[in-house]
Amino acid sequence: MVPRGNNTDGEVALDRTTFEQAHQQHENKKLVIGYALTSKKKKSFLQPKLEVLARKKGISFVSIDQDKPLSEQGPFDVVLHKLLGNAWHEVIEDYQQKHPEVTVLDPPGAIQRIYNRQSMLQGIADLNLADCDGIVCVPKQMVVLKDTTSSADEVAEAGLKFPLVAKPLLVDGTAKSHQLFLAYDRLSLAELEPPLVLQEFVNHGGVLFKVFVVGDVIRVVRRFSLPNVSNCEKAKVAGVFQFPRVSSAAASVDKTDLDPRVAELPPKPLLEGLVRELRNRLGLRLFNIDMIREHGSSDVFYVIDINYFPGKFVIQLAGYGKMPDYEQVFIDFFLSLAQAKHSKRECIKSGIEM
Ligand SMILES: Nc1ncnc2c1ncn2[C@@H]1O[C@H](COP(=O)(O)OP(=O)(O)OP(=O)(O)O)[C@@H](O)[C@H]1O
Ligand SMILES: O=P(O)(O)O[C@H]1[C@H](O)[C@@H](O)[C@H](OP(=O)(O)O)[C@@H](OP(=O)(O)O)[C@H]1O
Ligand SMILES: [Mg+2]
Ligand SMILES: [Mg+2]
């Protein structure tokens, strides 16, 4: 809003009425969410149904012009962002410093941490999940930064067992960062392009659990995954093989035709404990966790991937009762942010330390 009018000391002062009108308009809207998303992400996330339902609740979405200074846009209550590249992260970090009152979803430093497949999984095996009805591990893995020819020896020294899943070390949203390979023997590692992570393949019966986190809400869906690798295959097969995105949204699984020991969802206490710990440790509110159950076990799970603000999750009856759909989950989350902001403002007005 452009300031108007002049006062005695030459500074530009706001016309009181205009200011009050604008402020009141802003107050009437429960929440103004500025968003900076790729066109693909905007299309998949900000669908008309979500915008219409949100508007009914006083939530408005405003597109951020990435070619203009962010501080000259708004005012926003929330900035929701998922863009590629570091340039934007500097913009949003600078904005966050200047506008502590705005909720940034999510802090760029927290996002960067899971954009590196090494830091992404660090510390998960040490989480305190006692009495959560299960165990959560991460597969053994090692980073190869430069020369993959020497990595054959390093893999042996690190005690990693084949087959290994080779993943680009950095996740940047490009298709290349999702180009994964299965490597069956040491010599074939030389064919891979660093920087990458070599992660032990864990047999898990071909079903993966995608645990979506939206604020305090947890939703779990089943997805098809890579099949088990038999001992016979391990002994006979050599080389590296690229595989497609086997667990994409289109690979949803209907549990009826699956072995219940494979399809059974992770125990709710384990998911709640894991998400609680990860939310605190990662400092993220919008993310999903890819979990697999070790084949033959009932309660040993591995976290193999964490994604920031992922795609739409197709709601299924997944044993936790009928779930509100995608749009309602996000609207409830955004309203909780508005409530938190209102409560904080009330505390500041009444001088209560937050
Ligand atoms: N350590 C592992 N053991 C067994 N299967 C694995 C392992 N790592 C990956 N996979 C399989 O490969 C798929 C892709 O792996 P991952 O999720 O790490 O890649 P991604 O590119 O980050 O995928 P996403 O689209 O979920 O971001 C998994 O869904 C799973 O089917
Ligand atoms: O919708 P699900 O099945 O959760 O798959 C997501 C992937 O797990 C994410 O890795 C994708 O985000 P990136 O492509 O920015 O990593 C994410 O891409 P998106 O953010 O464009 O939706 C999705 O493909
Ligand atoms: Mg994944
Ligand atoms: Mg991923």
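For clarity, every value in this text was computed on a predicted model and none was experimentally measured.

This prediction gives the protein chain a mean pLDDT of 87; 87% of its residues lie at or above 70. Taken together, the stretch residues 1–12 has pLDDT below 50 and engages in 15 contacts with residues farther than four places along the chain or on a different chain. In this model, residues 316–323 is a region of pLDDT below 50 whose contacts with residues beyond four sequence positions or in other chains number 19 contacts. Across the assembled chains, the prediction reports ipTM 0.94 with pTM 0.89.

For the rest of this paragraph, the subject is the domain arrangement of the protein chain. Along its sequence, the protein chain is carved into domain 1 (27–108 + 333–350) and domain 2 (117–323). One C-alpha centre belongs to domain 1, the other to domain 2, and the line joining them spans 31 Å. A combined buried area of about 1,100 Å² lies between domain 1 and domain 2, and 60% of that area is made up of carbon and sulfur atoms. There are one salt bridge connecting domain 1 and domain 2. As a salt-bridge pair, R285 and D106 come within 3.2 Å of each other at their nearest N and O atoms. Of all the secondary-structure elements, those providing two or more residues to the side of domain 1 that touches domain 2 are α2 (39–45), β3 (78–82), β4 (103–105) and α10 (326–349).

Bringing the pattern of salt bridges into the picture now. Per the stated rule, a full pass over the model turns up nine salt bridges. When the shortest N-O distance is used, the salt bridge between D290 and K210 registers 2.9 Å. With D290 in strand β13 (residues 286–293) and K210 in strand β10 (residues 207–214), the pair connects residues that are 80 residues apart, well separated along the chain. Among the ionic contacts, a cluster of salt bridges with common partners joins K49, D325 and E327.

This part covers the coordination of the magnesium ion (ligand 4). Distances from the magnesium ion (ligand 4) to its protein donors, D305 (OD), D305 (OD) and N307 (OD1), fall at 2.0 to 2.7 Å. Taken as a pair, the magnesium ion (ligand 4) and the magnesium ion (ligand 3) lie 3.7 Å from each other and share D305 as a ligand. Residues D305 and N307 agree in their burial class; the two are buried.

So, how was this worked out
- Residues numbered from 1 in each chain as written.
- Chains lettered and ligands numbered in written order.
- Predicted model: local features only at pLDDT ≥ 70, side-chain atom pairs only at ≥ 80, totals over all residues.
- Heavy atoms only, no water.
- pLDDT = per-residue confidence, 0-100.
- Contact = heavy atoms within 4.5 Å.
- Domains from an automatic or database assignment.
- Buried area = accessible area lost by both parts, 1.4 Å probe.
- Salt bridge = Lys/Arg side-chain N within 4 Å of Asp/Glu carboxyl O.
- Helix = DSSP H or I, 4+ residues; strand = E, 2+ residues; numbered from the N terminus.
- Donors = N, O, S within 2.8 Å, 3.2 Å for Na, K, Ca; no water.
- Buried < 20%, exposed > 50% of the residue type's maximum accessible area, 1.4 Å probe, protein only.

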